[in-house]
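So you can see what is in the structure, the chains are spelled out below.
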Amino acid sequence: MLASGEENGIDDDELLTGTGSGGVFTSGYLRDRPLIEYLNETERVAFLLSNSKKGVREESDDDATAYTPGDRYQAIAAVTDTRVMFVVGDCTETDGDAMFAVPYTEIEDVKTGRGVLTKQLDVWTTSGRRWRFYVKSSVDLQPAADYLDKAAVVWSRVENQLGRAEEYVTEISAQVEDRSFEAAVETGARAREHVDEARRMATELTTNRADAVWERITDAEERLDAARMETHRTWAVAHEHEAERQWRTELYNQAYESYEAAREEYRSALDIARDQGFPEGEEIVAEIDDIRHDLDALSKSPLRRAEETRNRAAELDDPAVAVETWEEALERYQTTLVLDWGTDDGRFAGDSDDIRVEIEGIVDRIDETRRELADRHELTADDLAEGGEYERARREYAAARDQLAAAASVAEELRPSLVDGLRDRMDTLDERIEQARENAAANEFVFVGDTNRAIATSDAGADEDGDSLSGSVRERLCRADAETFRAVVASAWREMGWEATVLDDERDERVGVIAERSHPVPETQLLVTDGAPTDARFDAERVTNVAAAVETDYDADVVAFVTTGGFTDGARDAAAETRVKLIDGDHLASILETEGVDDFDPAGQPPTAD
């Protein structure tokens, strides 16, 4: 779009490409190189003006300089899409051509004037300088002046809008780094408003998208959209990490929703990538496909884990270990059953009727196993009572009752028909517990005499030779110090396939052992250890405190309370509510014997496994 005002009949193409001096009756062009070589690669010329005598004049409050062309050369003013440029051929003030440029963002005002023989175009800059270019009086300066005036206004406004948008881009980066993703998205939306306003303003100057003002807008827009795209991708990754954490802790619905949130963020990023033609689009498509695979695996995970736990329980020979695993399987089947309640999309695998059948079967196995364990404790108690060891008998009767109470707790909700029989037997055991307590009290005596020679004949922790390795596993654990107790527990868990780390009191006096494994699923257990007396019974408050004390400091999937003592019914109820696993003295001793970790000295000899 060229519209020139030139002397001596020189056309636009000649002004753009010509060099050399003119002849007797004509002016030449530029000396060193043609005007077109002074332009940027994508710069477009709107108007060309020229003169052969007065050149261009630069003025300020303090000085003024006239740059005039050499004999038979031209001074050219090129009004382009980014600036006004003055090039003076063979300038008398310099050695060769002289070039001066004023970007539109630095133009404050544009005026025209005329004398007797000439007209002048005055360009005022924001720094207070004036550039005056002369043309013959026959040249129509107004179109070029109008274009310059409008271009200066539009460029100034466009740059103002884009400057605000670019400030927001910087803010977006900081917000993403701080993981303030929602704020970053809102900031991106505000930045987009400024870019859209810049686009509207640019149309007041030109609708040709090849013009520089549009290139400037496009460049700013691409930087903004790149930041917006990365915001959505980074937010999606954060949702994925949260979903994985929730999956590990069996918060399946929350994990599903986090994965869906991640997918939505990836889709938003993909929309931006496709609009701008960013190469990251293919990567984002692959990331969305990964989410689809994760959701598919997640949908099958609850039922698969429940089935794996059920199968593991069925293979266990030790009823004390098996019953804990059966209860874990029950919890997982119940979780699977209720996952899709209140939703319409059927997220998770598993037929409700089939799951209910499995739950009924597991409840029966828990009842059978708890009764078997109660029988064992009761038979042991009977033998102890016959031998006059009433206090130990009382503890065994109490352990039997605990087994029945645990069975009744499960049956109350899921198999109520079993509860009456369990409670009748619990009443009988209550009577035996009381009788054993009375017999133990009647059997006590007060020693009178030389206390230095008194020998506690009821010491079950030593044999006739005083060997510290004698006595039951549970009794020796009761006599072990905290360090040995933790080491024994860690050894047992290692035998079961875990990587176990013993913590000393300086690291954390609450948690004795951290156990981790990666198969069949990644899992971390915190083992709170307490080598209490065998007749100690921990209540609900202690269990609740155990859960609260560690849940904020450790990223664990399971918290287990491991003790040589026992637990009240209230403690077991609290454990069910807080997801704390309880391992009492009988259960622990059974684990140690099963895993072969029973050759240890309570005085400090390291435990060994067969």
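This text follows the structure it describes.
Presented here is an overview of the structure given in this document. (Residues numbered from 1 in each chain as written. Predicted model: local features only at pLDDT ≥ 70, side-chain atom pairs only at ≥ 80, totals over all residues. Heavy atoms only, no water.)

**Looking at the overall build of the protein**
Going by this rule: Helix and strand assignments come from DSSP, with helices taken as H or I runs of at least 4 residues and strands as E runs of at least 2, each series counted from the N terminus. In what follows, residue pairs with any heavy atoms lying within 4.5 Å of each other are defined as contacts. For every accessible area listed, the method is Shrake-Rupley and the probe measures 1.4 Å; residues are considered covered only by the protein chains on display.
Each helix and strand counted, the protein has 15 helices and 16 strands in total. In the protein, of all internal contacts separated by at least 6 residues, the share reaching a separation of at least 24 is 60%. Roughly 30300 Å² of accessible area belongs to the protein as shown, and the carbon and sulfur atoms make up 44% of that amount.

**Thoughts on the packing of aromatic side chains**
For clarity, the cut-off: Here a Phe, Tyr or Trp ring, Trp counted by its six-membered ring, pairs with any other such ring whose centre lies within 6.5 Å, and the pair is stacked when the planes are under 30 degrees apart, edge-to-face when over 60, and tilted otherwise. Criterion for a charge above a ring: Arg CZ or Lys NZ at most 6 Å from the ring centre, at most 35 degrees from the ring normal.
Going through the model one piece at a time under the given rule, you end up with 12 aromatic pairs. Ring centres of W247 and Y259 lie 6.3 Å apart, and the angle between their planes is 85°; this geometry places the pair in the edge-to-face category. With a gap of 12 residues between them, W247 in helix α4 (residues 212-248) and Y259 in helix α5 (residues 252-276) connect regions that are remote in the sequence. The ring of Y134 carries K54 above its face, with NZ or CZ at 4.9 Å from the centroid. If you follow R209 out to its NZ or CZ, it ends over the ring of W214, 3.9 Å from the centre.

**Describing the nonpolar core**
Going by this rule: In this description, a nonpolar core means a group of buried Ala, Val, Leu, Ile, Met, Phe, Trp, Tyr and Cys residues linked to one another through side-chain atoms lying within 4.5 Å. For every residue, the accessible area (1.4 Å probe, protein chains only) is compared with the maximum for its type, and the residue is labelled buried under 20%, exposed over 50%, or partly exposed between those bounds.
Ranked by internal contacts, the top residues of the largest apolar core, which has 56 residues, are L49, I107 and L148. Considering each element in turn, this core owes the most residues, 14 residues, to helix α2 (residues 142-177). Leaving out residues up to four positions away in the same chain, I107 has contacts with V84, V102, V123, W124, T125, L148 and A152. Grouped together as the second largest cluster of nonpolar side chains are 23 residues, L477, F485, A490 and A500 included.

**Structural notes on the sheet that holds strand β14 (residues 558-563)**
Keep this limit in mind: Pairing between two strands requires that DSSP report at least two bridges joining them. The axes are straight lines fitted to the C-alpha atoms, using for helices just the contacting stretch, and the angles between their N-to-C directions are given from 0 to 180°.
As summarised here, the arrangement of the five strands in space is β10-β11-β12-β14-β16, forming an open sheet in which the pairing is mixed. Of all the strands in the sheet, the pair left with one neighbour each is β10 (499-502) and β16 (580-583). Adjacent strand axes in the sheet meet at a mean angle of 20°, parallel and antiparallel pairs treated alike. Where strand β11 (residues 513-517) and strand β12 (residues 523-530) come together, five bridges link them in antiparallel fashion. Considered in β12, the bridge of R517 is made with E523.

**Notes on helix α9 (residues 390-414)**
Residues spaced three or four apart along an α-helix face the same direction, because each turn holds 3.6 residues. Worth spelling out the cut-off: Multiplying 1.5 Å by the residue count of a helix minus one yields the expected span of that helix.
Along its 25 residues, α9 runs 36 Å from first to last C-alpha, staying within 8% of the 36 Å computed at 1.5 Å per residue. When you tally the buried positions in α9, you get 18 out of 25 residues, the bulk of the element.

**Considering the sheet that holds strand β3 (residues 64-67)**
Spatially, five strands are ordered β3-β2-β9-β8-β7 in an open sheet, and the strand pairing comes out antiparallel. In this open sheet, the two edge strands, each paired with only one partner strand, are β3 and β7 (107-114). Sheet twist, expressed as the average angle between the axes of neighbouring strands with direction ignored, equals 15°. Here strand β2 (residues 56-59) runs beside β3; their pairing, made up of four bridges, is antiparallel. Looking at the pairing, E58 lines up with T65 of β3. Across the sheet, α2 lies against β7 and β8 (118-125), angled at about 165° from β7, the strand it touches most.

**Considering the pattern of salt bridges**
Our working rule: Definition used for salt bridges: Asp or Glu carboxyl oxygen within 4 Å of a side-chain nitrogen of Lys or Arg.
Under the counting rule described, the total for this entry stands at 61 salt bridges. R192 is the salt-bridge partner of D225, the closest N and O atoms lying 2.9 Å from each other. One end of the pair, D225, is in helix α4; the other, R192, is in helix α3 (residues 181-202), with 33 residues separating them in the sequence. One exposure class covers both D225 and R192, and it is buried. Its salt-bridge partner being E287, residue R233 comes within 2.7 Å of it at the nearest N-O pair.

**Points about unusual backbone geometry**
Positive phi values are uncommon outside glycine, yet R72 reaches one of about 70°. With respect to the element layout, R72 can be found in the loop between β3 and β4 (75-80). Classification of R72 as partly exposed rests on a relative accessible area of 40%.

**Considering the pairing of strand β5 (residues 83-91)**
Each regular strand carries side chains that alternate between the two faces of the sheet. Taking burial as the measure, the nine residues of β5 include eight buried ones, the bulk of the element. Of the pairings in the sheet, the one linking β4 to β5 comprises five bridges and is antiparallel in character. Opposite A77, over in β5, you have F86 as the bridge partner. Across seven bridges, the pairing between β5 and strand β6 (residues 96-103) is antiparallel. Residue pairing for β6: C91 is matched across the bridge by G96. Linking β5 to β6, which pair antiparallel, is a turn of four residues.

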